[in-house]
Amino acid sequence: MISIAVFKITGANPNAGGIEKVIVSATTMIALIPGIYIGFKLVYKIPFSTQIAPVRKWNWSIYIKVYIITLIVYGALQLIPLLASGMPSITNTSIAVLILCLILPIFQGFAEEYLCRGLLMQTFGSWFKIPIVAIVLQAAIFSIVHNYAILAAIGVFCVGLLYGLITWYGQGLESASAMHAVNNTFSFLALGIGLQQTVSPNSAIDFVMNLVFLVIPIIIVFALDKKFNWFGEIPENTQNV
């Protein structure tokens with residue numbers, strides 16, 4: 001029902017491709033969060049914040065630092081080779097669409113992280129008491145709901161595993177939300193200005209590169225945490241997802 005309402009309000013064609021469909025889909029995902037929040041408050045008797053950071057408060061410093069690191073990595077791996085090969089053809093895109101491509105991914109990234117690495121992973125963790133089981137289950141659901149072709153679906157599953165891993169490691173959604181926001185921002189912008197036709201990988205090379213873009217920031221964050229203790233001391237018995 002929310003999807004239908006968004007399509008009606010925006011006048012978008014639900015069968016259309018390109019950036020129009022992506023923007024509407026992102027808006028729909030963001031619009032679901034108030035409903036999920038209300039449902040959570042009705043069912044659970046624990047604070048809502050535990051689904052965001054189970055053993056501490058949300059840390060904006062972590063979010064900003066991981067966002068900047070991921071932005072630099074994506075910029076180096078995507079923009080520099082693109083510019084080195086010559087300026088590609090860019091389609092005419094309205095300022096409004098470009099602004100949406102910059103803003104929506106931030107909220108959409110958090111919305112998807114809250115649903116999958118927050119609510120679902122926490123729930124599965126409380127059921128099975130084994131972190132890896134919860135991480136795999138939420139990644140499977142994350143992949144299924146994206147409804148991509150097989151290669152892209154495997155890629156999304158891997159993304160869900162990596163985001164789940166860093167969420168468990170840091171006991172909070174800040175890192176995964178920041179990485180998700182940067183990833184979607186680059187995808188939205190590339191789609192919006194005509195550099196790519198879809199947000200999902202079309203080839204094995206795209207598949208591998210997408211994983212590289214994800215793994216490098218995670219390795220950097222792990223290394224910096226070891227050196228500077230970004231996530232703080234987390235009691236061992238609380239790392240059950």
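Read on for an overview of the structure. (Residues numbered from 1 in each chain as written. Predicted model: local features only at pLDDT ≥ 70, side-chain atom pairs only at ≥ 80, totals over all residues. Heavy atoms only, no water.)

Quick look at empty space enclosed by the protein now. Think of a ball as big as a water molecule: rolled over the atoms, this probe shows where empty space is left. Per the stated rule, a full pass over the model turns up one cavity of 30 Å³ or more. Lining the largest cavity are 13 residues; nearest its centre among them are Pro54, Arg117, Gln122, Thr167 and Gly172. Listed by contribution, the elements that provide at least two residues to the lining of the largest cavity are helix H4 (95-128) and helix H6 (150-170). At four residues, the largest contribution of residues to the lining of the largest cavity is made by H4. For the lining of the largest cavity, the class distribution of residues is six nonpolar, six polar and one charged. (1 Å grid on protein atoms, 1.4 Å probe; cavity = no way out; pocket = protein on both sides within 12 Å on 5 of 7 lines; lining within 4 Å. Points joined across faces, edges and corners; volume = space filled by probe spheres on them. Helix = DSSP H or I, 4+ residues; strand = E, 2+ residues; numbered from the N terminus. Nonpolar A, V, L, I, M, F, W, Y, C, P; charged D, E, K, R; others polar.)

One way to put it is that helix H5 (residues 131-146) packs onto H6 with a least axis distance of 8 Å and a crossing angle of 140 degrees. Between H5 and H6, the interaxial angle falls into the category oblique. Between H5 and H6 lies a crossing whose hand is right-handed. Counting all contacts with H5, which are made through Pro131, Ile135, Val136, Gln138, Ala139, Ala140, Phe142, Ser143 and His146, the residues of H6 involved are Ala153, Val156, Phe157, Val159, Gly160, Leu161, Gly164, Leu165 and Trp168. Its residues assigned to classes, the contact of H5 with H6 comprises 13 nonpolar, five polar and no charged. (Axes fitted to C-alpha atoms, helices over the stretch in contact; angles between N-to-C directions. Parallel < 35°, antiparallel > 145°, perpendicular 65-115°, else oblique. Left-handed = near helix turned anticlockwise from the far one by under 90°. Contact = heavy atoms within 4.5 Å.)

So, about the packing of helix H2 (residues 18-43) against helix H7 (residues 174-192). Helix-helix packing is characterised by the crossing angle of the two axes and by the distance between the axes. The geometry of H2 relative to H7 is characterised by a closest axis approach of 8 Å and an angle of 145 degrees between their N-to-C directions. Considering the relative orientation of H2 and H7, their crossing is left-handed. Contacts between H2 and H7 pair Gly18, Ile19, Val22 and Ala26 from the former with Phe188, Leu191 and Gly192 from the latter.

This paragraph deals with H7. Its 19 residues give H7 an end-to-end C-alpha distance of 26 Å, which sits within 8% of 27 Å, the value for a rise of 1.5 Å per residue. Taking burial as the measure, the 19 residues of H7 include 17 buried ones, the bulk of the element. The first or second residue beyond H7 is Gly194, which carries a positive phi of 85 degrees. (Expected span 1.5 Å × (residues − 1). Buried < 20%, exposed > 50% of the residue type's maximum accessible area, 1.4 Å probe, protein only.)

In this structure, Val66, Met179, Leu214 and Val221 are the most contacted members of the largest nonpolar core, which totals 28 residues. Listing elements by their share of this core, those giving two or more residues are helix H3 (60-84), H6, H7 and helix H8 (204-228). When residues no more than four places from it in sequence are discounted, the contact partners of Val221 are Val66, Ile69, Ile166, Ser175, Met179, Trp230 and Phe231. (Core = buried A, V, L, I, M, F, W, Y, C linked by side-chain atoms within 4.5 Å.)

This part covers H5. Counted at 1.5 Å a residue, the expected span for H5 with its 16 residues is 22 Å, and the 23 Å between its end C-alpha atoms agrees. Of the residues making up H5, those classed as buried are Pro131, Ala134, Ile135, Gln138, Ala139, Phe142 and Ser143. For H5, the arc enclosing every buried residue in end-on projection is 165 degrees, short of the 170-degree limit, so these residues lie on one face. Buried positions along H5 lie against H4, H6 and H7. Looking one or two places after H5, you find Asn147, whose phi comes out positive at around 55 degrees. (Arc of directions from axis to C-beta.)

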